[in-house]
Structures are given as C-alpha cells and as structure tokens.
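# Residue-level structure breakdown
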Amino acid sequence: MTAPEAVHIGRDDLPYIDIGDGSKLRVVQVKPKEGLWIVENIFQAGYEVDTHKHTGPVWGYTRSGAWKYKEYEYVNRAGSFLYEPAGSVHTLQCIEDDTQVWFQMYGANINLDAEGNITSVVDGPMTLEFYLAVCADLGLPPPNVLVD
C-alpha cells in the first residue's frame, strides 16, 4: 500500500481576481460531493457582502486587517478565528484595507434582501465556475484549483 501524497499550493500558485471595489478572491479547493469550498479573500475597507444564511458550517481565519458582521459587536482582526454554524445569518463588512480572510465552507450561501427574501444562492461549484471564467477572461492560464 502507498499513502496518498500531500498537495501543496504555494502563495503565488493561484491568482486573485477582482470582485469589486478593489477586493479580491481566489478559490483554493472545491469538493462538490462533500459541499466543501475553500476561498481566500482580500477585502478593502467599505466592501460589504450581501446578508446571507449558511446552509452548512463555516470556519474563517483572519490573516490581516479587520472586518465584522453588522449583526454583532466583535471585530475579526489578524489572528482571529471564527466558527459559523449552519443556519447563521449575517452581513460581512470590511473595516480596514487589505483585510485577508481564509474561509472553509460547506453547503451554500443563501443571499437575502432586507425583508429576508432569497435573492440568490451561491455555492462552491458556482464560485469555481465564476473564478475560472474571470481568469480565462483575463488571459490567465487555468489555475490549478484543487477539485475532486
């Protein structure tokens, strides 16, 4: 028997793409059968993610900067760890430039309007499709995202 090899992705192996207002995204891994998606974001102050509900748990680790949820008092700063249980609802707001956050998510994000109506649903495969399309539009080689 041989053990599977570890997979290494270097800091510069996957490009960041612009998602608006100077904020960026890169997709690290998507496992559709498990509902897993891992992304890294670099947010700029003032960037806000739609209010959303998670269908699965989320783990977040802040590498630099600061961000918060409108609905809570605490601020996530460099070194902060955050766990979000399935069903949690919140609105991410970035409060410092170059805030870098790593998220591991399961399931989907259900985006909601002010009345709680569903406006869209986003999951790992959709995010991967978007990421690959933007990379192609930019003329970048296909990024070697971990997909299985």
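All of the points below concern the structure found in this document.

## Remarks on the environment of lysine 33
In this structure, lysine 33 sits in the loop between strand 2 (23-31) and strand 3 (36-43). Spatially, the C-alpha atoms of lysine 33 and aspartate 148 are 7.9 Å apart, while their sequence positions differ by 115 residues.

## Looking at the side chain of lysine 68
Along the chain, lysine 68 turns up in strand 6 (residues 66-69). Polar contacts involving the side chain of lysine 68 include one to the main-chain carbonyl oxygen of tyrosine 72, which spans 2.9 Å. Not counting residues up to four positions away in its chain, the partners in contact with lysine 68 are Glu73, Tyr74, Val75, Asn76, Thr91, Leu92, Gln93 and Ile95.

## Quick notes on the sheet that holds strand 13 (residues 118-123)
Across the sheet, four strands lie side by side as 9-4-12-13; this open sheet has antiparallel pairing. With one partner strand each, in any of the chains shown, strand 9 (89-90) and strand 13 form the two edges of the open sheet. Pairing geometry for strand 4 (residues 52-54) and strand 12 (residues 108-112), over three bridges, is antiparallel. Within the sheet, the bridge partner assigned to lysine 53 lies in strand 12 and is isoleucine 110.

## A closer look at helix 1 (residues 124-137)
Over its 14 residues, helix 1 runs 20 Å from end to end, which matches the ideal 20 Å to within 8%, given 1.5 Å per residue. Listed in full, the buried residues belonging to helix 1 are Gly124, Thr127, Leu128, Tyr131, Val134 and Cys135. Down the axis of helix 1, the buried set is contained in an arc of 135°. They therefore lie on one face. Facing away from the buried side of helix 1, by more than 90 degrees, are the exposed residues Glu129, Ala136 and Asp137. Sitting at the head of helix 1, aspartate 123 places a side-chain oxygen 3.0 Å from the backbone nitrogen of methionine 126. Glycine 139 sits one or two positions beyond helix 1 and adopts a positive phi of about 80°.

## Looking at the packing of aromatic side chains
For the structure shown, the criterion picks out seven aromatic pairs. Pairing tryptophan 67 with tyrosine 69 gives two aromatic rings, centres 5.1 Å apart and planes at 80°, and the pair type is edge-to-face. Residue class for tryptophan 67 comes out buried when judged on its relative accessible area of 0%. Ring geometry for tyrosine 72 against tyrosine 74: centres 5.4 Å apart, planes inclined by 25°, an arrangement best described as stacked. Classification of tyrosine 72 by relative accessible area gives partly exposed; the value is 36%. Ring pairs connect the aromatic residues Trp67, Tyr69, Tyr72, Tyr74 and Phe103, which therefore count as one cluster.

## Some points on the pattern of salt bridges
Taken as a whole, this structure holds seven salt bridges when the rule is applied. Among the ionic pairs, arginine 26 bridges to glutamate 40, the shortest N-O distance being 2.6 Å. Taken together, the residues arginine 26 in strand 2 and glutamate 40 in strand 3 connect sequence positions 14 residues apart. Across the pair, exposure class does not vary: arginine 26 and glutamate 40 are buried alike. Lysine 31 serves as the salt-bridge partner of glutamate 34, at 3.3 Å between the closest nitrogen and oxygen. Connected through shared salt-bridge partners, Arg26, Glu40 and Arg63 make up one network.

Rules and cut-offs
- Residues numbered from 1 in each chain as written.
- Predicted model: local features only at pLDDT ≥ 70, side-chain atom pairs only at ≥ 80, totals over all residues.
- Heavy atoms only, no water.
- Helix = DSSP H or I, 4+ residues; strand = E, 2+ residues; numbered from the N terminus.
- Polar contact = N/O pair within 3.5 Å; in protein donor to acceptor, adjacent residues only side chain to side chain.
- Contact = heavy atoms within 4.5 Å.
- Pairing = 2+ DSSP bridges.
- Expected span 1.5 Å × (residues − 1).
- Buried < 20%, exposed > 50% of the residue type's maximum accessible area, 1.4 Å probe, protein only.
- Arc of directions from axis to C-beta.
- Phe/Tyr/Trp six-rings, centres within 6.5 Å; stacked < 30°, edge-to-face > 60°.
- Salt bridge = Lys/Arg side-chain N within 4 Å of Asp/Glu carboxyl O.

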